[in-house]
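# Residue-level structural notes
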Amino acid sequence: MAQKFKIKKGDKVVVTTGRDKGKSGEVTSVLREKNRVLVQGVNLVKRHTKPTQGSQGGIVEKEASLHISNVAHVDPKTDKPTRVGYRQLDDGRKVRFAKGSGEVIDA
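Residues numbered from 1 in each chain as written. Predicted model: local features only at pLDDT ≥ 70, side-chain atom pairs only at ≥ 80, totals over all residues. Heavy atoms only, no water.

The tally for this structure, following the rule as stated, stands at zero aromatic pairs. When the ring centre of Phe97 is taken as reference, the NZ or CZ atom of Arg87 above it lies at 3.9 Å. The ring of Tyr86 carries the charged tip of Lys94 above its face, separated from the ring centre by 4.8 Å. (Phe/Tyr/Trp six-rings, centres within 6.5 Å; stacked < 30°, edge-to-face > 60°. Lys NZ or Arg CZ within 6 Å of the ring centre and 35° of its normal.)

The next thing to look at is the pattern of salt bridges. If you walk through the whole model with that rule in mind, you get four salt bridges. Among the ionic pairs, Lys23 bridges to Asp20, the shortest N-O distance being 3.2 Å. The salt bridge involving Arg93 is made with Asp91; its shortest N-O contact spans 3.2 Å. By sharing partners, the salt bridges in this structure join Arg19, Asp20 and Lys23 into a single network. (Salt bridge = Lys/Arg side-chain N within 4 Å of Asp/Glu carboxyl O.)

To continue, consider the sheet that holds strand S2 (residues 24–31). Pairing is antiparallel across the open sheet formed by six strands, whose spatial order is S6-S3-S2-S1-S7-S8. Because the sheet does not close on itself, it has two edges, and the strands there are strand S6 (66–67) and strand S8 (81–82). Both strand S7 (residues 71–74) and S8 contribute to a ladder of two bridges, which runs antiparallel. Looking at the pairing, Val74 lines up with Pro81 of S8. (Pairing = 2+ DSSP bridges. Helix = DSSP H or I, 4+ residues; strand = E, 2+ residues; numbered from the N terminus.)

Tracing the backbone shows Val27 in strand S2. Here Val27 falls in the buried class, since its relative accessible area comes to 1%. Taking the C-alpha atoms as reference points, Val27 and Leu89, separated by 62 residues in sequence, lie 25 Å from one another. Apart from the residues within four sequence positions on either side, Val27 is in contact with Ile7, Lys8, Lys9, Gly10, Asp11, Val13, Val37, Leu38 and Val39. (Buried < 20%, exposed > 50% of the residue type's maximum accessible area, 1.4 Å probe, protein only. Contact = heavy atoms within 4.5 Å.)

A few words now on the environment of Gly22. Examined against the element boundaries, Gly22 turns out to sit in the loop between strand S1 (12–15) and S2. You can call Gly22 exposed: its relative accessible area is 54%. Distance in space between the C-alpha atoms of Gly22 and Arg83 is 16 Å, their sequence separation being 61 residues. Excluding residues within four positions of it along the chain, Gly22 makes contact with Val14 and Val15.

Our focus in this paragraph is the pairing of strand S9 (residues 84–88). Pairing of S9 with strand S10 (residues 94–98) involves five bridges; the strand directions are antiparallel. Of the residues in S10, the one forming a bridge with Gln88 is Lys94. Where S9 hands over to S10, the hairpin turn is made up of five residues, of which Gly92 adopts a positive phi near 95°.

In this section: a positive patch on the surface. A contiguous patch of positive charge, built from Lys4, Lys6, Lys8, Arg32, Arg83, Lys94 and Lys99, is present on the exposed surface. Checked against the element boundaries, Lys8 lands in the segment before S1. Accessibility expressed as a relative area gives 40% for Lys8, which makes it partly exposed. (Patch = residues over 30% accessible without salt bridge, like charges linked within 9 Å, V, L, I, M, F, W, Y side chains within 5 Å. Areas by Shrake-Rupley, 256 points an atom, 1.4 Å probe, with all protein chains shown as cover. Lys, Arg positive; Asp, Glu negative; His and termini not counted. Charge placed at Lys NZ, Arg CZ, Asp CG, Glu CD.)

This is the structure:
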């Protein structure tokens, strides 16, 4: 069964380890079955593709997935990596917040 993650599509994250350490971008998709995320403009790899009717062949550069443990949320207040917690608001909504600054991530 797939896990529940604190990182969702559209979140701003920073890479904490590996070749692209320090780079940041927006999460384009979360692969829950494999515990991985795709981040825009990070972990670019080159793929040799055959030509098809719809596309031309050649060397195509695209994003590869990163393990979810190698990325961290960016604190909306300080722009630094932070951990994420959950909090119940007065109106009853459950929202994510940055543990570093206390700022609510889900608006």
